[in-house]
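Each chain, written out:
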Amino acid sequence: RSSSARESAARYNFRRPDRVSKEQIHSLQFLHDRYARNVATSLSAYLRTMTELSVVSVEQFSYSEFLMSLSDPTAFYALSMAPFEDLGALEVNPAIAFSIVDRMLGGSGNGAPPNRALSDIEQNVIDSVVKLILDGLSDTWRALTPLTFTVKGRETRPQMLQVSGPNEVVVMIAFDMRI
């Protein structure tokens, strides 16, 4: 091999192919930063308390790696993204979910989350907040393409709701929420 051939070679990991470019990741970060500001305002009004939302990371994973990173039990949603056929996923971490439920039912929202799945009543309370979150997401994406996010299914055990194949590459956008 010549030295010029070595210099033009690039590393490639077949187990974790990067199918989303760094520019696209940066664009997703920018788009969801704007989304976080807008939905924080809506959530503050809805929950009647100061709510902060910020993007923590935008990363690529296989769907199975994504599932392993989630709490179990948790509030996990399969999302349609009309007009596209593919599904998306949304997880509301138990610490946030139980804080929202407590706040919505008259509490302070400051207690430690119990180590259990949400009850049906608690899940319905979270569903109303998820609808608000998805409406904000649809509004944010409308600037680029007419996407409408809606709930297709929900589960407290993420492995029980099939959103994608285990080896499919997904983009995970993680948010930090403070209520």
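Above this text is the structure in question.
Residues numbered from 1 in each chain as written. Predicted model: local features only at pLDDT ≥ 70, side-chain atom pairs only at ≥ 80, totals over all residues. Heavy atoms only, no water.

Caption draft 1: Geometry of the pattern of salt bridges. Within this structure, the stated rule accounts for 6 salt bridges. A salt bridge links Arg-157 to Asp-72; its shortest N-O distance comes to 3.1 Å. Here Arg-157, found in the loop between β4 (148-155) and β5 (169-178), pairs with Asp-72, found in the loop between α3 (63-68) and β2 (75-82); they are 85 residues apart in sequence, far enough to count as distant. Relative accessible area serves as the criterion here: at 43%, Arg-157 is assigned to the partly exposed category. For Asp-139, the salt bridge identified is with Arg-142, shortest N-O distance 2.7 Å. (Salt bridge = Lys/Arg side-chain N within 4 Å of Asp/Glu carboxyl O. Helix = DSSP H or I, 4+ residues; strand = E, 2+ residues; numbered from the N terminus. Buried < 20%, exposed > 50% of the residue type's maximum accessible area, 1.4 Å probe, protein only.)

Caption draft 2: Representation of the sheet that holds β4 in the model. Read from one edge to the other, the open sheet built from 3 strands follows the order β3-β2-β4, with strand pairing classed as antiparallel. The open sheet has two edge strands with one neighbour each: β3 (84-92) and β4. Taken pair by pair, the neighbouring strands of this sheet meet at an average axis angle of 30°, ignoring direction. Looking at chain direction, β2 and β4 are connected through 7 bridges and run antiparallel. Considered in β4, the bridge of Ala-82 is made with Thr-148. Along the sheet, helix α5 (residues 120-141) makes contact with β2, β3 and β4, crossing β4 at roughly 150°. (Pairing = 2+ DSSP bridges. Axes fitted to C-alpha atoms, helices over the stretch in contact; angles between N-to-C directions. Contact = heavy atoms within 4.5 Å.)

Caption draft 3: Fine view of the nonpolar core. Of all hydrophobic cores here, the largest spans 34 residues; its most connected members are Tyr-77 and Ile-126. Taken together, the elements giving at least two residues each to this core come down to α2 (22-47), β1 (52-62), β2, β3, α4 (94-104) and α5. Top element by residues in this core is α2. It accounts for 9 residues. Judged by nonpolar contacts, the second largest core, of 11 residues, contains Leu-67, Leu-70, Phe-76 and Met-172. (Core = buried A, V, L, I, M, F, W, Y, C linked by side-chain atoms within 4.5 Å.)

Caption draft 4: Expanded view of the layout of surface pockets. If you add up the space inside the largest pocket, you get close to 1600 Å³. Forming the boundary of the largest pocket are 45 residues, of which Gly-88, Ala-89, Val-171, Met-172 and Ile-173 lie nearest the centre. Of all the secondary-structure elements, those providing two or more residues to the lining of the largest pocket are α2, α3, β2, β3, α4, α5 and β5. Element by element, the count of residues in the lining of the largest pocket is highest for β5, at 9 residues. (1 Å grid on protein atoms, 1.4 Å probe; cavity = no way out; pocket = protein on both sides within 12 Å on 5 of 7 lines; lining within 4 Å. Points joined across faces, edges and corners; volume = space filled by probe spheres on them.)

Caption draft 5: Structural detail: the packing of aromatic side chains. One pass over the structure, following the stated rule, counts 3 aromatic pairs. Relative to Phe-66, the ring of Tyr-63 lies with its centre 5.9 Å away and its plane at 40°, an arrangement referred to as tilted. Taken as a pair, Tyr-63 and Phe-66 lie in helix α3 at a separation of 3 residues, close to a single helical turn. By the burial criterion, Tyr-63 is buried, and Phe-66 matches it. (Phe/Tyr/Trp six-rings, centres within 6.5 Å; stacked < 30°, edge-to-face > 60°.)

Caption draft 6: Examining the packing of α4 against α5 more closely. Orientation of α4 relative to α5, taken along the N-to-C sense of each, is 95°, at an axis distance of 9 Å. When the axis of α4 is compared with that of α5, the two are roughly perpendicular. Where α4 abuts α5, its residues Ala-97, Phe-98, Ile-100, Val-101 and Met-104 lie against Glu-122, Val-125, Ile-126 and Val-129. Here the contact of α4 with α5 is built from residues that sort into 8 nonpolar, no polar and 1 charged. (Parallel < 35°, antiparallel > 145°, perpendicular 65-115°, else oblique. Nonpolar A, V, L, I, M, F, W, Y, C, P; charged D, E, K, R; others polar.)

Caption draft 7: The packing of α2 against α5, seen in detail. Interhelical geometry of α2 versus α5 gives an angle of 140° and a closest axis separation of 9 Å. As the angle between them shows, α2 and α5 are arranged oblique. In the packing of α2 onto α5, the handedness of the crossing is right-handed. Side by side, α2 and α5 meet where Leu-28, Leu-31, His-32, Arg-34, Tyr-35, Val-39, Ser-42, Leu-43, Tyr-46 and Leu-47 of the first sit next to Ser-128, Val-129, Leu-132, Ile-133, Gly-136, Leu-137, Thr-140 and Trp-141 of the second. Residues of the contact of α2 with α5, tallied by class, amount to 12 nonpolar, 5 polar and 1 charged. (Left-handed = near helix turned anticlockwise from the far one by under 90°.)

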